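An overview of the molecular structure
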Amino acid sequence: MPTTPRPPEASVTVMHEIVLPSHTNALGTAFGGTIMSWIDVCGAITAQRHCRGDVVTASIDRIDFLAPVRLGDIVRLTGRICWAGRTSVETEVEVEVEHPSTGEVERTGRAFITFVAVDADGRPRLVPELALTTDDARLRYQQGAERRARRLELAGRT
């Protein structure tokens, strides 16, 4: 598969979900696991768009829940590629909630997820490099490389 460099903007993904009763706990707020599932899907779509093929989740560095997500809220998840290596990419998924009665938008979470591109046999395959054409893309790439180094160190693979 060709690995022509692709700009991060080419794979940005925006998803929307509405928080239904089946997504909430007894307090009327969304289950963290539901939000995590949506984050994983958004990140995977972003990674697939960049890699032009199947990907599998390799790791989730952390998920920060900054504010509650309540029944009836509209959740917007935005995924973008931060870093690309030989066979893996890192995505950032930002979570925002829109309160339907006011239209107010609030940032409620963020996660960094690493995906590995795989071929039809499930083996890792090469991914396109990132075409870093903006200062923001270069900064995200640098920060992604630093996070990757920490992940490898924590896993004992430095």
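Higher on the page you've got the structure.
Now for a quick tour of the structure. These figures come from a predicted structure and were not determined experimentally.

Topic: the packing of aromatic side chains
One pass over the full model with this rule turns up one aromatic pair. Positioned over the ring face of Phe112 is Arg147, at 3.7 Å from the centre of the ring.

Digging into the side chain of Ser88
Mapping Ser88 onto the fold places it in strand β4 (residues 88-98). Using a relative accessible area of 12% as the deciding quantity, one classes Ser88 as buried. With residues up to four places along the chain from it excluded, the contact list for Ser88 reads Trp83, Thr114, Phe115, Val116 and Val127.

Some thoughts on the pairing of strand β5 (residues 105-117)
The pairing of strand β2 (residues 55-65) with β5 spans nine bridges and is antiparallel. Bridged to Thr57 within β5 is Phe115. Bridge count for β4 against β5 is eleven bridges, and the pairing is antiparallel. Paired with Ser88 across the two strands is Val116, which belongs to β5. Joining the antiparallel neighbours β4 and β5 is a turn of six residues, in which Gly103 adopts a positive phi near 80°.

So, helix α1 (residues 32-51)
Over its 20 residues, α1 runs 28 Å from end to end, which matches the ideal 28 Å to within 8%, given 1.5 Å per residue. Inspection of α1 places Thr34, Ile35, Trp38, Ile39, Cys42, Gly43, Ala44, Thr46, Ala47, His50 and Cys51 among the buried residues, and these make up the whole buried set. Tucked into the core, α1 has its buried residues touching β1 (13-18), β2, β3 (74-84), β4 and β5. The first or second residue beyond α1 is Arg52, which carries a positive phi of 55°.

Considerations on helix α2 (residues 135-154)
An ideal rise of 1.5 Å per residue puts 28 Å on 20 residues; α2 measures up with 29 Å between its terminal C-alpha atoms. Among all positions in α2, only Ala137, Arg140, Gly144, Arg147, Arg151 and Leu152 are buried. Here the buried residues of α2 occupy an arc of 135° about the axis, which is enough to place them on one side. Exposed residues lying more than 90 degrees from the buried face of α2 are Asp135 and Glu153. Where α2 is buried, its residues meet β2, β3, β4 and β5. Positive backbone phi, at 75°, marks Gly156, one or two positions downstream of α2.

Conventions we followed
- Residues numbered from 1 in each chain as written.
- Predicted model: local features only at pLDDT ≥ 70, side-chain atom pairs only at ≥ 80, totals over all residues.
- Heavy atoms only, no water.
- Phe/Tyr/Trp six-rings, centres within 6.5 Å; stacked < 30°, edge-to-face > 60°.
- Lys NZ or Arg CZ within 6 Å of the ring centre and 35° of its normal.
- Helix = DSSP H or I, 4+ residues; strand = E, 2+ residues; numbered from the N terminus.
- Buried < 20%, exposed > 50% of the residue type's maximum accessible area, 1.4 Å probe, protein only.
- Contact = heavy atoms within 4.5 Å.
- Pairing = 2+ DSSP bridges.
- Expected span 1.5 Å × (residues − 1).
- Arc of directions from axis to C-beta.

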